[in-house]
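Per-entry structural report
Here is what each chain is made of, one letter per residue.
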Amino acid sequence: MTALLYRFFSMASKGKILIIMSEEILNVSHISKSFSGVSALNDVSLTIKAGEIHCLIGENGSGKSTLIKIIAGVYEPDEGEIIINSHHYSKLTPIESIHEGIQVIYQDFSLFPNLTVAENIALNYQLERNKNWVDWGNVRKIAQNALDRINVKLNLDALVGEMPVADKQLIAISRALLQDARLIIMDEPTTALTQKEVSSLFSVIKDLQKQGISILFVSHKLNEVLDISERTMVLRNGQMVVDADASEFDTKKMVYYMTGHHVVETAYVYEENTSNEPPLLKVENLTSRNNFYDISFELKAGEILGVTGLLGSGRTGLALSLFGVFPADSGSISIDGVQVKINSIQDAIDKKIGYVPEDRLTEGLFLDQEIGKNMVVRIVDDLKGGQKLINQKSLQLQIQDWVEQLNIKTSSSQLPVKSLSGGNQQRVVLAKWLASCPRILILNGPTVGVDIGSKAELHEALRVLAKKGMGLLIMSDDIPELMQTCNRILLMRKGRIVEEFHREMVTEDELTHKLVEA
Ligand code: ADP
Ligand code: MG
């Protein structure tokens, strides 16, 4: 029935054109593309119909962005054909792509930070039509109309540079609409958005769909794809693995198609230490004004405790405070039952607290350098200080120890890091942070932007560390991740702990709902 309702509609600005729902607007046919002899896409085909929400998923480097750039006319394919609105192209210029109604919203949005919202939305439109002259009186009106089309209210006179990412994205979408977009392509649009912003982006996408506009949504976040997709295509190593109705996918299948193998994670089982010894870490009434308040919890050796909350809930502030970056104003911290002062990072390190900052697991490696050297880069200074000369032998032993403990798959620690798979590279970064032998390890968003396969491997490494007696604190809003790794999870809201969950007592869905509740 709805399909019938949507069957006909007229594009507001080109009143005469009728689009039929089942009409194909884009047909990418047998496209191949190499960069200096290395294949990025191999015989990939994709069809998008009017008003369809199509998702494109694949691990990093699988060719998603390359495919988009070919559709946008940025890259010329080596082979294949692109058919848009029944026009055939063996290569396409960016202008032709735009004139065919294709708009790409890249991750940087290509907006002008020093212009206002209205100017950013309407200027291209004005310039295109009037060449050298801008009808300033009209700019605000045009911009307002574009924002109205996606039911969004923004201050037209605000400078774009100062606006949050989510608003910039809406501005970019409105601007695309003014170019008579029939297909809007979004490359990983949710990377920098909070859960709430993702939901509002999704309602905008559904609104666009009602106006007959097609969406190609590129992502590697599977729960989002399950939420929004009508048709899903999976790329792996530049090849199309599957393109099918979204109803045929579940998370397991998507992971399988993306990685080529089954990724099975078993949740962490914490065996409670029944001895009477004091907890490894005890935090009481810790408060940092304007940040977090009255935080109390215990972390035992061998536990993996999750701390979740939306952006601004205070979880990062808490992590930084425990690591001495921003010491708390009041409250107390005890280790092994002895109260300690953590007023600086050095205090934290002396107390054997380690901190892995957000995003650190995806960067910070010297790819051309040896695996072993990358691991010890943080402690070389310590070693030098004490002994003047680095004791090569003890260094080698330590490196070998980490390679074994973290099960890094390599024939030699003297090979460059770039010879390792993504998951093994992640372990090298972890080793780098572990080299200072922490007893308590705080990880902030440890797998943001990490592929599914690598993520599972890293989670396993964390479970192994806990099994050996380390206490881990994971700050994350990735609920599946917390469910896989933690035995307990604290929920923070507005700087306070509002609830505590034992992993076996809560489901992923329940926790996700709790997280986004206002
Ligand atoms: P994804 O967007 O899925 O992460 P990309 O399309 O960016 O993947 O990359 C696919 C492959 O093509 C990767 O191996 C990448 O290194 C390579 N590649 C992409 N763009 C270029 C380029 N301009 N020059 C050389 N290699 C590139
Ligand atoms: Mg990409």
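Described in the following lines is the structure provided in the data block.

Criteria and cut-off values
- Residues numbered from 1 in each chain as written.
- Chains lettered and ligands numbered in written order.
- Predicted model: local features only at pLDDT ≥ 70, side-chain atom pairs only at ≥ 80, totals over all residues.
- Heavy atoms only, no water.
- Phe/Tyr/Trp six-rings, centres within 6.5 Å; stacked < 30°, edge-to-face > 60°.
- Helix = DSSP H or I, 4+ residues; strand = E, 2+ residues; numbered from the N terminus.
- Buried < 20%, exposed > 50% of the residue type's maximum accessible area, 1.4 Å probe, protein only.
- Pairing = 2+ DSSP bridges.
- Axes fitted to C-alpha atoms, helices over the stretch in contact; angles between N-to-C directions.
- Contact = heavy atoms within 4.5 Å.
- Expected span 1.5 Å × (residues − 1).
- Arc of directions from axis to C-beta.
- Near = heavy atom within 4 Å.
- Polar contact = N/O pair within 3.5 Å; in protein donor to acceptor, adjacent residues only side chain to side chain.
- Areas by Shrake-Rupley, 256 points an atom, 1.4 Å probe, with all protein chains shown as cover.
- Nonpolar A, V, L, I, M, F, W, Y, C, P; charged D, E, K, R; others polar.
- Core = buried A, V, L, I, M, F, W, Y, C linked by side-chain atoms within 4.5 Å.
- Patch = residues over 30% accessible without salt bridge, like charges linked within 9 Å, V, L, I, M, F, W, Y side chains within 5 Å.
- Salt bridge = Lys/Arg side-chain N within 4 Å of Asp/Glu carboxyl O.
- Lys, Arg positive; Asp, Glu negative; His and termini not counted.
- Charge placed at Lys NZ, Arg CZ, Asp CG, Glu CD.

1. A word on the packing of aromatic side chains
For any two aromatic rings, the description comes down to two numbers: the centre-to-centre distance and the angle of the planes. One pass over the full model with this rule turns up 5 aromatic pairs. When the centroid spacing of 5.7 Å and the interplanar angle of 70 degrees are considered together, the rings of Phe202 and Phe217 count as edge-to-face. Separated by 15 residues along the polypeptide, Phe202 in helix H7 (residues 195-210) and Phe217 in strand E10 (residues 214-219) bring together distant segments of the chain. Each member of the pair, Phe202 as well as Phe217, carries the same accessibility label: buried. Judged by centre distance (5.9 Å) and plane angle (75 degrees), the rings of Phe249 and Tyr257 are edge-to-face. A relative accessible area of 24% places Tyr257 in the partly exposed class.

2. Quick notes on the sheet that holds strand E11 (residues 231-236)
Spatially, the 6 strands line up as an open sheet ordered E8-E9-E10-E5-E11-E12, and their pairing is mixed. Unpaired on one side and paired on the other, strand E8 (102-105) and strand E12 (239-245) mark the two borders of the sheet. Ignoring strand direction, the axes of neighbouring strands in this sheet form an average angle of 15 degrees. Here E8 runs beside strand E9 (residues 183-187); their pairing, made up of 4 bridges, is parallel. Among the inter-strand pairings, Ile105 is bridged to a residue of E9, identified as Met186. Running over the sheet, H7 touches strand E5 (53-57), E9 and E10 and is turned about 150 degrees from E10.

3. Things to note about helix H14 (residues 392-405)
The end-to-end C-alpha distance of H14 is 20 Å, a good match for the 20 Å that 14 residues give at a rise of 1.5 Å each. Of the positions making up H14, those classed as buried are Leu395, Ile399, Trp402 and Val403. Down the axis, H14 shows its buried residues gathered within 100 degrees of arc, on one side only. Of the residues in H14, the exposed ones pointing more than 90 degrees away from the buried face are Lys393, Leu397 and Glu404.

4. Re the site of ligand 1
Ligand 1 sits among Phe35, Ala40, Glu59, Asn60, Gly61, Ser62, Gly63, Lys64, Ser65, Thr66 and Tyr75. In the model, an oxygen atom of ligand 1 is placed 2.5 Å from a nitrogen or oxygen of the Thr66 side chain. One nitrogen or oxygen atom from the side chain of Tyr75 is found 3.1 Å from a nitrogen atom belonging to ligand 1. Surface burial for ligand 1 is 58%, taken as the share of its 550 Å² of free accessible area covered by protein chains. Counting residues per element, the shell around ligand 1 draws most heavily on helix H2 (residues 64-71), which supplies 3 residues. Among the residues making up the shell around ligand 1, the classes are represented as 3 nonpolar, 6 polar and 2 charged.

5. Quick notes on the pairing of strand E3 (residues 24-35)
Bridge count for E3 against strand E4 (residues 38-49) is 8 bridges, and the pairing is antiparallel. Directly across from Phe35, in E4, lies its bridge partner Val38. As paired elements, E3 and strand E6 (residues 79-84) share 5 bridges and run antiparallel to each other. When the bridges of E6 are listed, Ser32 appears paired with Glu79.

6. Things to note about the nonpolar core
For soluble globular proteins, nonpolar side chains are generally found buried alongside one another. By size, the foremost hydrophobic cluster in this structure holds 53 residues, and its most contacted members are Val117, Ile173, Ile184, Ile205, Leu208 and Ile215. Not counting chain neighbours up to four residues away, the residues in contact with Val117 comprise Leu147, Leu154, Asn155, Leu156, Ala158, Val160, Met163 and Ile171. The next biggest cluster of nonpolar side chains, apart from the first, holds 44 residues, and it includes Leu465, Leu472, Ile489 and Leu511.

7. Points about a nonpolar patch on the surface
A surface patch of nonpolar side chains, amounting to about 300 Å² of accessible area, comprises Val325, Phe326, Ile345 and Ile349. With relative accessibility at 46%, the residue Phe326 sits in the partly exposed group.

8. Some words on the pattern of salt bridges
In this structure the tally under the stated criterion is 18 salt bridges. Salt-bridge contacts for Glu303 lead to Arg488; the nearest nitrogen and oxygen are separated by 3.0 Å. Within this pair, whereas Glu303 is found in the loop between strand E14 (292-299) and strand E15 (304-308), its partner Arg488 is found in strand E21 (residues 488-493), the two being separated by 185 residues in sequence. This pair shows no difference in class: Glu303 is buried, exactly as Arg488 is. Overlapping salt bridges, with partners in common, bring together Arg231, Asp243 and Asp245 in one network.

9. Brief notes about the sheet that holds strand E22 (residues 496-502)
Taken together, the 6 strands give an open sheet; going across it, the order is E18-E19-E20-E15-E21-E22, and neighbouring strands pair in mixed fashion. For this open sheet the edge positions go to strand E18 (353-356) and E22, each flanked by a neighbour on one side alone. When the angles between neighbouring strand axes are averaged without regard to direction, this sheet yields 20 degrees. As paired strands, E21 and E22 are joined by 6 bridges and run antiparallel to one another. Following the sheet pairing, Arg493 is matched in E22 by Arg496. Relative to the sheet, helix H18 (residues 508-516) contacts E15, E21 and E22, its axis offset from that of E21 by approximately 20 degrees.

10. Notes on the side chain of Thr308
Relative to the helices and strands, Thr308 is located in strand E15. Once residues within four sequence positions are removed from consideration, Thr308 is found in contact with Arg315, Ser476, Asp477, Ile479, Leu482, Ile489, Leu490, Leu491, Met492 and Leu515.

11. Points about a negative patch on the surface
A cluster of like negative charges, contributed by Asp43, Glu76, Asp78 and Glu79, occupies part of the molecular surface. Residue Asp43 is classed as partly exposed on the basis of its relative accessible area of 43%.

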